[in-house]
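Listed below are the residues making up each chain.
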Amino acid sequence: MVGEDRGTLNIDDFEVLFRKNHKFLCMIAMDYVHDQFIAEDLVQEFFINYWQRRDLITLTTSFGAYARRAIKYKSIDYLRKTAIAEKRNTELTILEEQQAILDEEEDQELQHQRYIKIIEMIQSLPPDRRKIFMLHAMDKLSYAQIAEKQSVSINTVKTQLKRAYNALRTKTLGLLMGIL
């Protein structure tokens, strides 16, 4: 065919090669990739590459034989890259799931440790102050209800709660400073 000699391929000859071989090359690619759009992309990439390198390519066989072999290897390379990408994506998904489980376990452990520290801080309060604090914080009783239940004045309840919260705040800040 005219234009198959090195360096003499012009745009008209290239267009003839494209029209003559495009459909057949797409069928070859389809045998490997089993996707029409990917097959067409591979064939189009082949023709673009061939046009860009036309002055460097020396055909020792017919263009058809060269193109079939090139499409075969291009298709195999695509499948290999796709398989590697899928394997990496699968491995990444597994790693992300494992990390999420570890993070959740770590979060639960940290929450458990915090809970223990809070209980210890509350337990360190003097018994009467701790009782008033628990009635207010846990049982949600009003100052008046606590005063009546403990047989103390409302001002005593307010004072004991203020001291309890101050002590817990101080211990919490100390704990945070120790962590940082």
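Rules used in this analysis
Residues numbered from 1 in each chain as written. Predicted model: local features only at pLDDT ≥ 70, side-chain atom pairs only at ≥ 80, totals over all residues. Heavy atoms only, no water. Axes fitted to C-alpha atoms, helices over the stretch in contact; angles between N-to-C directions. Helix = DSSP H or I, 4+ residues; strand = E, 2+ residues; numbered from the N terminus. Parallel < 35°, antiparallel > 145°, perpendicular 65-115°, else oblique. Left-handed = near helix turned anticlockwise from the far one by under 90°. Contact = heavy atoms within 4.5 Å. Nonpolar A, V, L, I, M, F, W, Y, C, P; charged D, E, K, R; others polar. UniProt positions renumbered as here; feature names shortened; annotations may be inferred. Core = buried A, V, L, I, M, F, W, Y, C linked by side-chain atoms within 4.5 Å. Buried < 20%, exposed > 50% of the residue type's maximum accessible area, 1.4 Å probe, protein only. Lys, Arg positive; Asp, Glu negative; His and termini not counted. Salt bridge = Lys/Arg side-chain N within 4 Å of Asp/Glu carboxyl O. Polar contact = N/O pair within 3.5 Å; in protein donor to acceptor, adjacent residues only side chain to side chain. Domains from an automatic or database assignment.

- For the protein, the name recorded in an unreviewed UniProt entry is RNA polymerase sigma-70 factor, ECF subfamily, with Pedobacter steynii as its organism.

As for the packing of helix 4 (residues 127–137) against helix 5 (residues 143–150)
So, step 1. Interaxial distance between helix 4 and helix 5 falls to 10 Å at its minimum, and their mutual angle equals 140°. Viewed along their axes, helix 4 and helix 5 adopt a mutual orientation that is oblique. Crossing hand, helix 4 versus helix 5: right-handed. Contact residues: helix 4 offers Lys131, Ile132, Leu135 and His136, while helix 5 offers Tyr143, Ile146, Lys149 and Gln150.
So, step 2. Considering only residue class, the contact of helix 4 with helix 5 consists of 4 nonpolar, 2 polar and 2 charged.

Some points on the UniProt feature "domain: RNA polymerase sigma-70 region" (unreviewed entry) in the protein
So, step 1. Taken from the UniProt record, the annotation "domain: RNA polymerase sigma-70 region" (unreviewed entry) applies to residues 17–82.
So, step 2. For the annotated span residues 17–82, helix accounts for 82% and strand for 0% of the residues, and the straight-line distance between the end C-alpha atoms is 29 Å.

Quick notes on the nonpolar core
So, step 1. Leu25, Val43, Phe46, Phe47, Tyr50, Phe63 and Ile71 are the most contacted members of the largest nonpolar core, which has 19 residues in total.
So, step 2. Every element with two or more residues in this core is listed here: helix 1 (11–33), helix 2 (36–52) and helix 3 (63–123).
So, step 3. Considering every element that reaches this core, the biggest residue donor is helix 1, with 7 residues.
So, step 4. Among all residues touching Phe47, those that are not within four sequence positions of it are Phe14, Leu17, Phe18, Asn21, His22, Leu25 and Phe63.
So, step 5. Grouped together as the second largest cluster of nonpolar side chains are 12 residues, Met121, Ala147, Leu161 and Ala164 included.

Some words on unusual backbone geometry
So, step 1. For Lys140, which is not glycine, the phi torsion reads 60° and is therefore positive.
So, step 2. Along the chain, the position of Lys140 falls in the loop between helix 4 and helix 5.
So, step 3. Residue Ser151 is not a glycine yet carries a positive backbone phi of 60°.
So, step 4. Its location among the elements puts Ser151 in the loop between helix 5 and helix 6 (154–179).

A closer look at the side chain of Arg129
So, step 1. Among the structural elements, Arg129 can be located in helix 4.
So, step 2. Of the buried charged residues, Arg129 lacks a salt bridge, with Asp128 as the closest side chain of opposite charge at 8.9 Å.
So, step 3. Of note is the side chain of Arg129, whose polar atom sits 2.9 Å from the side chain of Gln160.
So, step 4. If we ignore the near neighbours within four places in the chain, the residues touching Arg129 are Gln160, Arg163 and Ala164.

Notes on the domain arrangement of the protein
So, step 1. Each domain of the protein was delimited in the assignment, giving domain 1 (11–87) and domain 2 (125–178).
So, step 2. Centre-to-centre, using C-alpha coordinates, domain 1 lies 80 Å away from domain 2.

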